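# Geometric and topological summary
The lines below spell out each chain.
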Amino acid sequence: MAPSVADLPPSTASHDTQSIKASLKTEPSYPFYYPYLDANEKFPPTEIFEFTDVGARADPAKPHLLGPNTTTRDVSPYIGTEISGVQISQLSPAGLDELALYAAERKVLVFRDQDFKDLAPQRQIEIARHFGPIQKHPTSGNVKDYPEFHVVYRDAEHDRFQEYLGDDRANRTSWHSDVSYEKQTPGTTFFFILDQPDGAGGDTLFLSQVEAYNRLSPEFKKRLEGLRAVHSAVAQAEHSRRRGGPVRREPVETEHPVVRVHPVTGEKALYVNQGFTRRIVGFKAEESEYLLRFLYDHIAKGADFQIRATYKPGTVVVWDNRVTAHSATVDFDKVVRRHAVRLTPQAEVPIPG
């Protein structure tokens, strides 16, 4: 299955900022973050680096994050907490460590009324880099001179989801974990909204891969032990090439464990997704397809371990990509702009469960 809308570049019919602006009657609220696509932009291959999760040194009580003025509301017992009364931009290094731990425990954190979008881009990058080196996306729109930003942009002229998946799908939900083909996959991830449809629409679905794993029988869990799956960037790169878009790094295919362990919480989580997982290593084609289809179906039907993150002006969502999957919901009028930015720190080489 194709990668999610969140991992694909805007239409490359025109890479010119002015042509994008001209496609709409009103200006985006944050034109600095227009998607920039340069087919000549190239990055070196990703190198393995030493990684230690900052959540491992956090105070479990989280006094720097969850102070007396902070309020929280769990969205689900298994995943998701809304937080207000604290500014991410004002957190100390100890507070950011606690943020990493809390994101690992609750999987998804929805922060309200943040000033994050109004910070200088250097400061936004500095905060995200506290959690690890930031992945520079090989094909998506980024920001000129700031390749750390992954830009999500959709309007009347730029409908990436339709372009990639076509019109022959009855259901456009596309569960994935971001860029899971990387050798060191993302950990604590930031996503902040710049323009969002008024009223309903444009939310993000999230699910707990930990709870998805926990629901399996002990015998089935044993069968998954030791299995590895191939995660591929090839389809994403080929799609960008066909449209004249960038392929800043040659696509990689990487083997990861089907079940991985979080280095701080010790929880086991499924680590397969429709967007990038291609096959089970050592299985024949029919066997691999059968097992992956079961796991994808199990994940997709797990409404009791899924949540819907809603956006308002000032919303920042922080999630742990190692133990979650998510999907965009393209349920709003195409003439409405949706503009957001992701910062994607990379974490450890996945630890087998």
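Before going into details, it helps to say that this report is about the structure given with it. Everything numeric in this text was worked out from a predicted model, so none of it was measured.

Backbone-to-backbone hydrogen bonds join strands into a sheet, with any given pair of strands oriented parallel or antiparallel. Reading across the sheet, the 3 strands line up as β12-β6-β14 and stay open at both edges, with antiparallel pairing between neighbours. Two strands close off the open sheet at either side, each with one partner strand: β12 (306–309) and β14 (324–328). On average, each strand axis in the sheet is inclined to that of its neighbour by 25 degrees, with strand direction left out of account.

Glancing now at the packing of aromatic side chains. Each aromatic ring pair is specified by the distance between its two centres and by the angle formed by the two planes. For the structure on display, the rule yields 14 aromatic pairs. Ring geometry for Phe 191 versus Tyr 311: centroids 5.9 Å apart, planes at 50 degrees, classification tilted. Taken as a pair, Phe 191 in strand β5 (residues 188–195) and Tyr 311 in the loop between β12 and β13 (316–320) lie far apart in primary sequence, 120 residues in all. Side by side, Phe 191 and Tyr 311 carry an identical accessibility label, which is buried. These aromatic residues form a ring-pair network of at least three members: Phe 32, Tyr 33, Phe 116, Phe 131, Tyr 146, Phe 149, Phe 190 and Phe 192. The residue whose ring lies beneath Lys 221 is Tyr 213, and the NZ or CZ to ring-centre distance is 4.9 Å.

Here the focus is the environment of Tyr 181. Relative to the elements of secondary structure, Tyr 181 occurs in the loop between α4 (160–165) and β5. For Tyr 181 and Gly 275, which are 94 residues apart along the polypeptide, the C-alpha to C-alpha distance reads 9.9 Å. There is a polar contact of 2.8 Å between the side chain of Tyr 181 and the side chain of Gln 236.

Below, the discussion takes up the pattern of salt bridges. Going through the model one piece at a time under the given rule, you end up with 24 salt bridges. The partner of Lys 62 in a salt bridge is Glu 105, with the nearest N and O atoms 2.9 Å apart. Placement of the pair is Lys 62 in the loop between α1 (17–22) and β1 (71–74) and Glu 105 in helix α2 (residues 93–106), with a sequence separation of 43 residues. A relative accessible area of 5% means that Lys 62 is categorised as buried. A salt bridge links Asp 74 to Arg 106; its shortest N-O distance comes to 3.6 Å. Taken as a pair, Asp 74 in strand β1 and Arg 106 in helix α2 lie far apart in primary sequence, 32 residues in all. Residue Arg 106 is classed as buried on the basis of its relative accessible area, which comes to 10%. When salt bridges that share partners are traced, they join Asp 53, Arg 260, Asp 320, Arg 322 and Glu 348 into one network.

Within helix α3 (residues 121–129) the residues assigned to the buried category are Pro 121, Gln 124, Ile 125, Ile 127 and Ala 128. Each buried residue of α3 sits inside an arc of 160 degrees when the element is viewed along its axis, so together they form one side. Against the buried residues of α3 lie α2, β5 and β15 (338–343).

All right, on to unusual backbone geometry then. Backbone geometry places Asp 113, a non-glycine residue, at a positive phi of 55 degrees. A relative accessible area of 58% places Asp 113 in the exposed class. For Val 179, which is not glycine, the phi dihedral falls at a positive 35 degrees. Looking at Val 179, the relative accessible area reads 0%, which means it is buried.

Procedures and definitions
Residues numbered from 1 in each chain as written. Predicted model: local features only at pLDDT ≥ 70, side-chain atom pairs only at ≥ 80, totals over all residues. Heavy atoms only, no water. Pairing = 2+ DSSP bridges. Helix = DSSP H or I, 4+ residues; strand = E, 2+ residues; numbered from the N terminus. Axes fitted to C-alpha atoms, helices over the stretch in contact; angles between N-to-C directions. Phe/Tyr/Trp six-rings, centres within 6.5 Å; stacked < 30°, edge-to-face > 60°. Buried < 20%, exposed > 50% of the residue type's maximum accessible area, 1.4 Å probe, protein only. Lys NZ or Arg CZ within 6 Å of the ring centre and 35° of its normal. Polar contact = N/O pair within 3.5 Å; in protein donor to acceptor, adjacent residues only side chain to side chain. Salt bridge = Lys/Arg side-chain N within 4 Å of Asp/Glu carboxyl O. Arc of directions from axis to C-beta. Contact = heavy atoms within 4.5 Å.

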